[in-house]
Amino acid sequence: MSFNLSAWALRHQTITLFLILASLAVGIFSYHRVGRAEDPNFTIKTMIVRSEWPGASASEMARLVTDPIEKKAEELPWFDYTRSYSKPGESVVYIYLRDNTPVAAVPDQWYQVRKKIADLKGDLPAGVLGPYFNDEFGDVYSLLYALTGPDYPPAQLKKIAEQLREDLLKGPDIKKIDLLGVQPEKIYVEISDRRVATFGLTVPQIIAALQHDNQLTPAGQVDLGTDRVLFRVDDDLKGVEAVKALPIAVGKRQLALGDIATIVRGYEDPRSFIMRANGQDAIGLGIVMADRANVVELGATLETRIQQLRKSLPLGVELATISNEGVVVSQLIDEFIESLLEALAIVLAVSLVSLGWRSGMIVAMAVPLVICITLAAMLVLHIDLHRISSGALILSLGLLVDDAI
């Protein structure tokens, strides 16, 4: 004898009513707890491996750096193909995994890339910088702020931005915060060819002297019974004055580098990244939300925190909100709720007209019950409430209307 769910529900009306009310309560609870984002999370199965070798030609980069990295990448279990380009002083390799690579296996594949290329690093030519790995370029900034201060130098504005970053990272549901548009500080050594030739020097000699003095040299240790004292020769160059005082051997004499070169402190020129807000140079704070977090709650929490931090900023420094995904998602959720209520009203009207009062009410009550159970399943399965899932709920509601008719 087959099991009849409807007959069982009629015989156990108390239990059935309890399950209905419990499902409605769990669905409402899940609606408020399910993660919310504008778009669903997705895993990018691509990694960028970048290397630098100052002074090398494009062919040398391709032959001695790019090719060995590509051959190592081919050893990955889920390897698909690589795409690369080499130019003077730089090599960039894109490593692609197969489309059927399990999402859970992707982090381990990137770990294998780092491990295999770390083993290869000893075989790369001396002077190669890196390789540097990037498998997070798919991160999306849920909130973006711009810090401006026209009366402050970029270095001081960077310190203010770093302090803001540390304060904001203390909050929940934040994966990371990137600083955008920061101008790196540089010390420029401007060498006059005529002056260098007068003293019988060459530019490589000056570069070698800078590299020799700008390093940490181990000097050993002394064991004193229960204590161990470490010695270190402080050879690194600290500031413009230290660079100016760097001794350069000229025959039997020694000159300071400042006597034959102009040394100034400045910023990266040309700038590799520029961010502007309201016509002023700015430093951006890009906030990446943690997985399965609620961007609406995060946006509201951060806006409250930002209002407090604005009061502690130095005079003339402003922190402006460039984008807040929480506002966009909140509007989308409101549109979803509006569409859901309209659909429920249509279901109720169609059911009552076509099925009669009693059958129509049963069908109309089943719709919110199914949606509540769906929301509970989304919470358990870690499916966020975004545009795709909202559209799927509306579509399923439309199918229920069609079945009811």
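Residues numbered from 1 in each chain as written. Predicted model: local features only at pLDDT ≥ 70, side-chain atom pairs only at ≥ 80, totals over all residues. Heavy atoms only, no water.

1. Notes on the environment of A366
In this structure, A366 sits in helix α12 (residues 357–380). Along the primary structure A366 and I20 are separated by 346 residues, whereas in three dimensions their C-alpha atoms are 9.4 Å apart. (Helix = DSSP H or I, 4+ residues; strand = E, 2+ residues; numbered from the N terminus.)

2. Side note on the pattern of salt bridges
This structure, assessed with the given rule, holds twelve salt bridges. Across the pair E185 and R265 runs a salt bridge whose closest N-O atoms are separated by 3.8 Å. One end of the pair, E185, is in strand β7 (residues 185–191); the other, R265, is in strand β12 (residues 261–267), with 80 residues separating them in the sequence. A relative accessible area of 43% places E185 in the partly exposed class. D281 is the salt-bridge partner of R271, the closest N and O atoms lying 3.3 Å from each other. Of the two residues, R271 is situated in the loop between β12 and β13 (276–277) and D281 in strand β14 (residues 280–289); the sequence distance between them amounts to ten residues. Note on R271: relative accessible area 23%, which makes it partly exposed. According to the relative accessible area criterion, D281 is partly exposed, its value standing at 36%. Linked through salt bridges whose partners overlap, the residues forming this network are K72, E75 and K116. (Salt bridge = Lys/Arg side-chain N within 4 Å of Asp/Glu carboxyl O. Buried < 20%, exposed > 50% of the residue type's maximum accessible area, 1.4 Å probe, protein only.)

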